[in-house]
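# Observations on chain architecture
The lines below spell out each chain.
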There are 4 protein chains.
Amino acid sequence: MKIPVGILGATGSVGQQFIHLLRDHPFFEITALAASERSAGKSYREAVTWFLSTPMPDFVETMTVQTCEPNLPCRIVFSGLDASVAGPIETAFAREGYTVISNARNHRFDEDVPLVIPEVNSNHLALIKHQPYGKGCIITNPNCSTIGLTLAIKPLLDTFGVEALHVVTFQALSGAGYPGVSSLDILDNVIPFISGEEDKMRREPLKILGTLNENRIIPADIKISAQCNRVPVIDGHLECVSVKLKKSTSEDEIIRVWESFRSEAQEKDLPMAPLQPIHYFHESAYPQPKLHRHLDKGMAVSIGRLQTCPVLDYSFTLLSHNTIRGAAGTAILIGEMMVEE
Amino acid sequence: MKIPVGILGATGSVGQQFIHLLRDHPFFEITALAASERSAGKSYREAVTWFLSTPMPDFVETMTVQTCEPNLPCRIVFSGLDASVAGPIETAFAREGYTVISNARNHRFDEDVPLVIPEVNSNHLALIKHQPYGKGCIITNPNCSTIGLTLAIKPLLDTFGVEALHVVTFQALSGAGYPGVSSLDILDNVIPFISGEEDKMRREPLKILGTLNENRIIPADIKISAQCNRVPVIDGHLECVSVKLKKSTSEDEIIRVWESFRSEAQEKDLPMAPLQPIHYFHESAYPQPKLHRHLDKGMAVSIGRLQTCPVLDYSFTLLSHNTIRGAAGTAILIGEMMVEE
Amino acid sequence: MKIPVGILGATGSVGQQFIHLLRDHPFFEITALAASERSAGKSYREAVTWFLSTPMPDFVETMTVQTCEPNLPCRIVFSGLDASVAGPIETAFAREGYTVISNARNHRFDEDVPLVIPEVNSNHLALIKHQPYGKGCIITNPNCSTIGLTLAIKPLLDTFGVEALHVVTFQALSGAGYPGVSSLDILDNVIPFISGEEDKMRREPLKILGTLNENRIIPADIKISAQCNRVPVIDGHLECVSVKLKKSTSEDEIIRVWESFRSEAQEKDLPMAPLQPIHYFHESAYPQPKLHRHLDKGMAVSIGRLQTCPVLDYSFTLLSHNTIRGAAGTAILIGEMMVEE
Amino acid sequence: MKIPVGILGATGSVGQQFIHLLRDHPFFEITALAASERSAGKSYREAVTWFLSTPMPDFVETMTVQTCEPNLPCRIVFSGLDASVAGPIETAFAREGYTVISNARNHRFDEDVPLVIPEVNSNHLALIKHQPYGKGCIITNPNCSTIGLTLAIKPLLDTFGVEALHVVTFQALSGAGYPGVSSLDILDNVIPFISGEEDKMRREPLKILGTLNENRIIPADIKISAQCNRVPVIDGHLECVSVKLKKSTSEDEIIRVWESFRSEAQEKDLPMAPLQPIHYFHESAYPQPKLHRHLDKGMAVSIGRLQTCPVLDYSFTLLSHNTIRGAAGTAILIGEMMVEE
């Protein structure tokens, strides 16, 4: 018997990815699709502008889209809602006893809401017992550009300590949702700004990498500089990172630490968990969005170009799939981890 | 009477830009086009795959391409030769009394060869009197990604002092020459590596910003970290820069210093000189390659997004046209400056 | 003394092109910019998302955008309004005595409204004396994809007669306005459909190429098949055309007829008129949007690849700039022709 | 026991696709990779610039690339060789007893060589008994742009008769091989010419759709016009087709004929055969390369936009994956069909 799940914001960019990733899931079965008033009442096929390059699964085509009210026939809802509406809707679902796993930013910094990457801080899930929702609860996953970065930093923090991070991003178009970025703005161009993104990258890793102390998180103490840019790539955020460590080490040691990094999600062999969370490429021009975004079901972080940095200690380049690893896939992995427990 | 000039590597990417920029030049007249054996003897029209988006000037269509031997009917040669052949050819021209102004990297670090950005270090041109070529000489312009960066740093160095620079580039396709980057490698992709580029960005600014001491340059003392990336943009290198200054200052003061920066090239109103070398944009998503690469004849550096950097002191984003400001335009401006003196 | 003109829909894609093309016009001076309620009252700089790759002219930056009511300080209005609102607004301006030259489709098939390409059917302008607006009038220019095609066909029709046309288009993104096509829909893709476009291409040439008979146009008798597609190109519509002629001829003769085609607009040397309306390229891979869209101020039609067609008589490929030749430039040329008379 | 197969031209664009499609094949096992002298002796990983967006299969990474001499340890060779060298190499393999299934054009019009699309003319395979190679033989698959077109036409020919075809193509970059088209030539552009392509599209369908008469093929009698264009799309050729039929019919009937089209390849359920060779889409803007190229393992032809054509009878738009359906996939399906018999 699979667990019935609903998708809030089912017609959007992250919503489509939820549907794609859950189409044959061993734990979950999609029993409800919900979206805005404009879509409600239509078949999913009519309501959506499907733009993934894999076809829409047959079973959702004829499902009727519902409004985002907390009377959906399911126990867990995955939320891909836009931040302009997500906050109160997610609260309403939690109050009615639903487990809400959200990709929206609205509740990420609520004191009692965990901000989780399963391989990094699944222990933060304990926060939910301090939420005021009874059986219901809200868990959030981080911003798409934060997840890849934080996964790459976690083993460095544990092994060497991290004082400072400097990151410059090359972010894909699907991160802006649909219709998102106009083609006239981005073809033959780079846009050196994404609203709110740099702030998220400076704050979110500190909560995720922070320490759970009773009913609150004590944030990690790392200086983070972030410059965020949009590039004409469909999927896959690439990030140029420089890092200042607390202990001295070597490139070989860093690579070893990345490649051997595993977590409970891997040990339990959860369906959405990558076999190996971090892959290091020795080829000089890797990783690349087009070549590596789908690695390990789109859930791996690909790293390459590790070198000493004359200003901080080391520089490297990382890549992760922004709507799988960076959104829907991580949310589903959170769901899997909660089911296992 | 205009000064007759020749172009070495006339069919290449930088060669085409030389032709485009010199088509109605008040000082110079193109009297010779030279390229490889394969092109020699053909009309320019036959020999070239023209790919600038402005049409080929009429007067070059029927000019016969010559080999790169030092018997061309001109006094100055602008070299857009590939580094695989440029070294000895340029030396041969200098020996025969030609003034060689080169965009190739081969002679950039010769002790007696100035590496010049006219607005930054035209005083380094004095080095040529130590060259062994009699009437002839070699002057080089820096790498495309170095020029924009060094122009932006020069006024900061003069006013505040600079301890460290951290730069991540988003480089355009025309920087790789023609045919250069395969469309299969770059459409829907970013390539996080450009051979030799990071090394150039770490070394060249130190020579350019160095001090002329008799017959040699004492390099500047700045730590530079560079990560270079290719993006699907036709023209215009964008760079995310962070900088550590020696004196504390404010964003307003930095902007004021940039906007008021002028040099002899501006005072003499040289034809290729931008009216204002550095433009600061207050719009949150500027500068952008598509919108600003042609600013001030393609010779301006556009800057935006200045903000405090939690790791160094300040971050900003700059843009410059890689084949105009970053190559042919700067070489021509060097020529103009030498003619004026 | 220049003639004061206003621009309706000044913030849109065609509106921006009007501003760009009129910035130093010898006949006209922009004295009014009008747009939707949302923009009215703001400075143009605040109201617009400028996306042309040439910078916004200084003089419009601080002009205040007005609403589209017929009390603007000018005599002629160029309309780049969206078809959803253009109809009644344009009528209101004509009623108040303005000369309205419109790029919108709304009035194109009104019996008393001329649909004009100046080089093809400027005699149709005589229709306006049958309009009920007193001093005011409405003239329309055709759809962007129609203009290039009809210009290429006009000399063939006059010389050989034309029975049938078959056209397949490769249309640029700027034709869809701003924000227009989502980058997620078109990067690495072709969209084989543009709403309403095929119908326009089948009908409009018949009116333009028709015969003025007193107060009406008798449409030309040509069978037209059109398939319209969107491609990831910023500017410049390319069209693959096959044509069935009434008289037999040769490729050389067709090229001669195209290259020698001139009209009153050329004879009067109007500012916006191309020197030569049709250019034929003998190179095997020409014309191309990136290389030829700006030919002759963006007002020329570039043709190449003429060959016999085993199904109809001849095939060829044409290119024209969709927002200059195909919209604002043709509208301005209509204005110039009216001023001359 | 699987049949050992080799791949000629293993490092090229079609060679990579052969490797990808054969990685877990139920009939075939790759036992030899051969390429040019330049690659021979290297491991496949060293020799290749892998550019498919799916990772290189592990088992080929360490295989040693061999030269293209007929002493490979296999019985069947799939050839993705470049036409500049394919002819004599393929003949040499056939002489030594290998079954050669080639994607190269060299032998396609040899009188005794079948040009095969398994769903269309598998009966032509009988020609090989007239070849002079003893146990060896050569079979060819058609050009990438021909295969989709001919599959779409076959059921129309059988049911209604076809007098004339008019096709305009939008061809993907992978069709040009690697490095193929320079990014500077195609970003923000369309190239209205592909060398030799139009001739192939006019001739190949006539042989494929022709009648086997003893030891030769009598070509079909259909007039074909073709205009071939390169667009900035990675994979998937889109074609706008108009057709003149011999019998009158209706759009519904045509769609019915397409959707019900099946062949022996489907009946035998061959591994590479699409379940349904032709899919018709009723959505107004379908098919699209990005959305439909992978349909049915990349082996389906997607069609949409069927409408009456005012010049011929009907127009429609088709799409097929150029390196799967249009090359390697069809070659493998030929191999499967031969194994079954």
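All right, on to helix α1 (residues 13-22) of chain D then. Residues and elements named next belong to chain D. Of all 10 residues in α1, 10 are buried; the element is thus mostly enclosed. Restricting attention to buried positions, one finds in α1 the residues S13, V14, G15, Q16, Q17, F18, I19, H20, L21 and L22. Looking at the packing, one finds that the buried side of α1 touches β1 (3-8), β2 (28-35), α2 (44-47), α3 (58-61), β4 (76-79) and α13 (324-340).

Between chain D and chain C, the contact holds 50 residues from the first and 49 residues from the second. Interface area for chain D against chain C, summed over the two sides, is near 3700 Å², with a carbon-plus-sulfur share of 58%. Taken as a group, D:D188, D:P192 and D:V311 account for 17% of the area that chain D buries against chain C, more than any other trio of residues on that side. Along the contact surface separating chain D from chain C lie 4 salt bridges. D:R293 is the salt-bridge partner of C:D188, the closest N and O atoms lying 2.7 Å from each other. The tally of links between chain D and chain C comes to 22 residue pairs in polar contact (both at pLDDT 80 or more). Looking at the side of chain D that touches chain C, the elements with two or more residues in it are β7 (162-170), α7 (183-186), α8 (197-208), β10 (223-227), β11 (237-245), α11 (289-292), β13 (301-308) and β14 (314-320) of chain D. The element best represented in the side of chain D that touches chain C is β7(D), accounting for 6 residues. Across the side of chain D that touches chain C, the residue classes break down as 29 nonpolar, 12 polar and 9 charged.

Right, let's talk about the domain arrangement of chain A for a bit. Interface size is commonly expressed as the accessible surface area that is lost when the partners come together. Residues and elements named next belong to chain A. Under the domain assignment used here, chain A contains domain 1 (3-143 + 328-340) and domain 2 (144-321). Centre-to-centre, using C-alpha coordinates, domain 1 lies 24 Å away from domain 2. Opposite the 36 residues of domain 1 that make contact, domain 2 presents 37 residues. Contact with domain 2 buries area across many residues of domain 1, yet F109, E119 and N143 alone supply 25% of it, more than any other trio. For E204, the salt bridge goes to R108, with nearest N and O atoms at 2.8 Å. Counting the contacts that link domain 1 with domain 2 gives 14 residue pairs in polar contact (both at pLDDT 80 or more). The set of elements that each furnish at least two residues to the side of domain 1 that touches domain 2 consists of α1 (13-22), α5 (118-121) and α13 (324-340). Considering each element in turn, the side of domain 1 that touches domain 2 owes the most residues, 7 residues, to α13. The residue makeup of the side of domain 1 that touches domain 2, split by class, is 16 nonpolar, 13 polar and 7 charged.

Now for the interface of chain D and chain A. Listed per partner, the contact involves 10 residues of chain D and 10 residues of chain A. Across the chain D/chain A interface, buried area totals approximately 1200 Å², and carbon plus sulfur atoms make up 53% of it. When residues of chain D are sorted by the area they lose upon contact with chain A, D:S53, D:K290 and D:L291 head the list and together hold 39% of the total. Where chain D meets chain A, there are 2 salt bridges. Across the pair A:E283 and D:R45 runs a salt bridge, and its minimum N-O distance is 2.4 Å. At the surface where chain D touches chain A, the tally comes to 4 residue pairs in polar contact (both at pLDDT 80 or more). Here the side of chain D that touches chain A is built from residues that sort into 6 nonpolar, 1 polar and 3 charged.

The rules behind each value
- Residues numbered from 1 in each chain as written.
- Chains lettered and ligands numbered in written order.
- Predicted model: local features only at pLDDT ≥ 70, side-chain atom pairs only at ≥ 80, totals over all residues.
- Heavy atoms only, no water.
- Buried < 20%, exposed > 50% of the residue type's maximum accessible area, 1.4 Å probe, protein only.
- Helix = DSSP H or I, 4+ residues; strand = E, 2+ residues; numbered from the N terminus.
- Contact = heavy atoms within 4.5 Å.
- Buried area = accessible area lost by both parts, 1.4 Å probe.
- Salt bridge = Lys/Arg side-chain N within 4 Å of Asp/Glu carboxyl O.
- Polar contact = N/O pair within 3.5 Å; in protein donor to acceptor, adjacent residues only side chain to side chain.
- Nonpolar A, V, L, I, M, F, W, Y, C, P; charged D, E, K, R; others polar.
- Domains from an automatic or database assignment.

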